[in-house]
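Residues per chain, in single letters:
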Amino acid sequence: MDERLVFTLPVIIFGIVAIVFAGWLARDVLVRDRGTPEMQDIASRIFQGALAYLNRQYRTIGLLAIVVAILIGVLVFLFEREHQLTRGVITSVSFLAGAILSGLAGFIGMYVAVRSNIRTAAAARRSLGEALTVALRGGAVSGFLVVALGLLGVMGVYWIVFGFAEGTLPAVAETPFWIVGFAFGASFVALFAQLGGGIYTKAADVGADLVGKVEAGIPEDDPRNPAVIADLVGDNVGDCAGRGADLFESSVAEMIGAMILGAALFTAAGGDPNGPAVGFLFFPLVLAAFGLIASLVGVLTVRPPANPGDPMTELNKGFYVVAAISAVFMVAVSFWMLPYGQVQYALCGLIGIVVSFAFVYITQFYTAGQYRPVKSIMEASKTGSATNIIAGIAVGFETTGLPAITIGAALLSSYSLGSAVEFPASAIQGNPLLALSPGIFGTAVATMGMLMSAAYILAMDTFGPITDNAGGVVEMSNQPESVRAVTDALDSAGNTTKALTKGYAVGTAALAAFLLFSAFLQEVQRFGGGAVDASVVNLADPRVFVGGLLGAALVFVFASLAMRAVGRAAGYMIEEVRRQFRENPGIMEGTVPPDYARCVDISVRASLREMILPGALAVLVPVAVGIILRWEAAAGMLMIGTIAGVLLANVLNNGGGAWDNAKKMIEAGGLKDAAGNVLGKGSDAHDASVVGDTVGDPWKDTAGPSLHVLIKLLATITLVLAPLFIG
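Residues numbered from 1 in each chain as written. Predicted model: local features only at pLDDT ≥ 70, side-chain atom pairs only at ≥ 80, totals over all residues. Heavy atoms only, no water.

Asks: Got a minute to help me understand the overall build of the protein chain in this structure?
Replies: On a plain count of helices and strands, the protein chain comes out with 22 helices and zero strands. For 727 residues, the compact-globule estimate of 2.2 N^0.38 gives 27 Å, and the protein chain sits close to it at 25 Å. If you line up the protein chain on its principal axes, its C-alpha atoms span 80 × 50 × 45 Å. Put simply, the protein chain has 727 residues, and 65% of those count as buried. For the protein chain, long-range pairs separated by at least 24 residues make up 85% of all intrachain contacts whose partners lie at least 6 apart in sequence. About 22900 Å² of surface is accessible on the protein chain, with carbon and sulfur atoms providing 65% of the total. With 43 positive and 54 negative side-chain charges, the protein chain shows a separation of 3 Å between the mean positions of the two kinds. (Helix = DSSP H or I, 4+ residues; strand = E, 2+ residues; numbered from the N terminus. Rg over C-alpha atoms; globule rule 2.2 N^0.38 Å. Buried < 20%, exposed > 50% of the residue type's maximum accessible area, 1.4 Å probe, protein only. Contact = heavy atoms within 4.5 Å. Areas by Shrake-Rupley, 256 points an atom, 1.4 Å probe, with all protein chains shown as cover. Lys, Arg positive; Asp, Glu negative; His and termini not counted. Charge placed at Lys NZ, Arg CZ, Asp CG, Glu CD.)

Asks: How should the side chain of Asn653 be read in this particular structure?
Replies: By the secondary structure assignment, Asn653 is in helix H21 (residues 612–667). By relative accessible area, Asn653 is classed as buried at 4%. Discounting chain neighbours no more than four positions away, the residues touching Asn653 are Lys502, Val506, Trp699, Lys700, Gly704, Pro705 and His708.

Asks: Is there a simple way to explain the nonpolar core in this structure?
Replies: Most often, soluble globular proteins have nonpolar side chains that are buried together. Ranked by size, the top nonpolar core spans 258 residues in total, and within it Phe144, Phe283, Tyr345 and Phe520 carry the most contacts. The element best represented in this core is helix H7 (residues 228–268), accounting for 23 residues. With near-sequence residues (within four places) excluded, Phe283 lies in contact with Met330, Val333, Ser334, Met337, Leu338, Phe441, Val445 and Met448. (Core = buried A, V, L, I, M, F, W, Y, C linked by side-chain atoms within 4.5 Å.)

Asks: Sorry if this is basic, but what is going on with the pattern of salt bridges here?
Replies: Any two side chains of opposite charge can pair, on the condition that their charged atoms come close. Enumeration according to the criterion identifies 23 salt bridges in this entry. Between Arg137 and Asp28 there is a salt bridge, with its nearest N and O atoms 3.1 Å apart. Taken together, the residues span a long stretch of sequence, with Arg137 in helix H4 (residues 128–162) and Asp28 in helix H1 (residues 3–30) at a distance of 109 residues. In this structure, Arg137 and Asp28 share a single accessibility class: buried. Linked by salt bridges that have partners in common, Asp28, Arg32, Asp33, Arg125, Arg126, Glu130 and Arg137 make up one network. (Salt bridge = Lys/Arg side-chain N within 4 Å of Asp/Glu carboxyl O.)

Asks: What am I meant to see in the environment of Thr508 here?
Replies: Tracing the chain through its elements places Thr508 in helix H17 (residues 481–528). Expressed as a C-alpha distance, the spacing of Thr508 and Thr133, which sit 375 residues apart in the sequence, is 27 Å.

Asks: In this structure, what is going on with empty space enclosed by the protein? I would like to understand it.
Replies: In total, this model carries seven cavities of 30 Å³ or more according to the counting rule given. Space inside the largest cavity adds up to approximately 120 Å³. Contributing to the lining of the largest cavity are 15 residues, with Val147, Ser251, Ala288, Leu451 and Met452 lying nearest its centre. Listed by contribution, the elements that provide at least two residues to the lining of the largest cavity are H7, helix H8 (279–301), helix H15 (432–451) and helix H16 (454–476). Top contributing element to the lining of the largest cavity by residue count: H8, with six residues. (1 Å grid on protein atoms, 1.4 Å probe; cavity = no way out; pocket = protein on both sides within 12 Å on 5 of 7 lines; lining within 4 Å. Points joined across faces, edges and corners; volume = space filled by probe spheres on them.)

Next up, the structure:
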């Protein structure tokens, strides 16, 4: 059988298996008990609010995507060197395909998540173990759909475009260069989904916390708070739909970028389209397919007892299983598919798996309550809001060190191993960029290793908002304290899993951005021909330096706009909650229900309005830099912008997570004064921690996660428009 078909089969089969498995998980969750009528009423309000937001958001994103698809197609048609019309049409259509699948994955995953919250709340009335199982399986629906749709989407687009691809390389190796629009489409939707969802959720959360908890002194999920439904809706549109689009984009961009790098090794290995060299092209897709199977086994192995000691222990067991099976698959697939460098590239993949562990533990150290960073913020809360904020910022800055060392070690070691692979000398002689490709492909394989667990990691991430919503449903329906204790334990684990996923997303963004940067240089070399040497980007060149400076500035300005958007949207929410309390005293007395719908509508309108400016800036700046200062400046922008983005994302994600867990530890009675008295809810220290957490909310849930997407968007848009930047 043709090697290409042999390598395609596991991708199609395992992708379909993953979708069927997601359907089975969804059915398993949706047939479960839905609890009391009061619980069903609250869950219905959350569901309706989430769908209303996503319907309006995706209509807005859809219109923007159509406009951008047309513009991208026109630009490719005008500046492409050959096959202008064909490549322009294919780029536009593949862009829309990536956008549609990205939106679909996020929408379906969120749909099941908002249906899972009440099932988790109902299960909490019986046991912690059952509630944990329901929440994880509900989250896994999103995880498997995101990765499977991305995998099948890339493979489907590849084989559709295969019949049209023409160029200097055989069609099997030429095609990856033609489908980069698919990755850009995924990045485009991910940016607006993550950014809009983050603005929505934090506008509601900040409004609910400052007016409800600090000013009115009522609990977090008290039904008297008009913003509480909007807050619970926001958990889903930000952490489910937004993060799903984020990891969809990560997997798609990484697969296409790695295929482009694989095209260079295909050439170095002889370039026979009917020979074993095609293994380098399909290797990223096959690894992702086997990663789905590893994640499937990991989810099924999480079978907690009725009363597990620590929910995180049960979730970690599944992750360990996924990592172990992924390591076995990495070695097996490397020896099966690769004609050269089986040992070296297998080791590169194992490095990526180790890096995923490293990011999980680094993030846990900086955000979990039992470690020094969070404890330092708790202690600082004793002396007020100012010292709490100073301590939180200090922790955020500190978190850049270990991730930078981890990423650096991963890149250097995987590049070194890849460089040790020997190819036929005649194939790479006289081509300096091709001579670097074995090492760069090693870094791509490390990224693939890290992303093999993406489905399980996303399941853990979506577990967070499901359990958070379950806690809100339990409290608002006045369930017994014993039930709230179960959802509190799950919510605490969910906070940790959300923080861990953000750390994982930063790590994958850093590694994926590096390989996409290398793919951009490959594109520049192809289109520039002998007139361009893309093997060296000279930082001493003023254009490169200025491009890098603008890239770093874009990261900070983008983060500023995202946080400012939250501030403005939260201001509208605060005024509305205060108005309802002021004009209707019966709300606080519990005799009159608040107007939840009004607060939901405020968050919807504010988030859609506020996401446009930072989103437009992220798209327009790299295009302007490339057109005005040419490809060298675009390369500098990619390099320095990625570095600045990764570091700032760590500051925002981990600093915000540390603030959040410091508040929760104080609420759980984890802080005492010198006399041994507990400084819990209602104390000055708790009020200070609420202020710190409110500052950290837009850090960790809006600006930080949006930077993951920005990093990869910079890479995909420059990759698509590379011909435009050569002059």
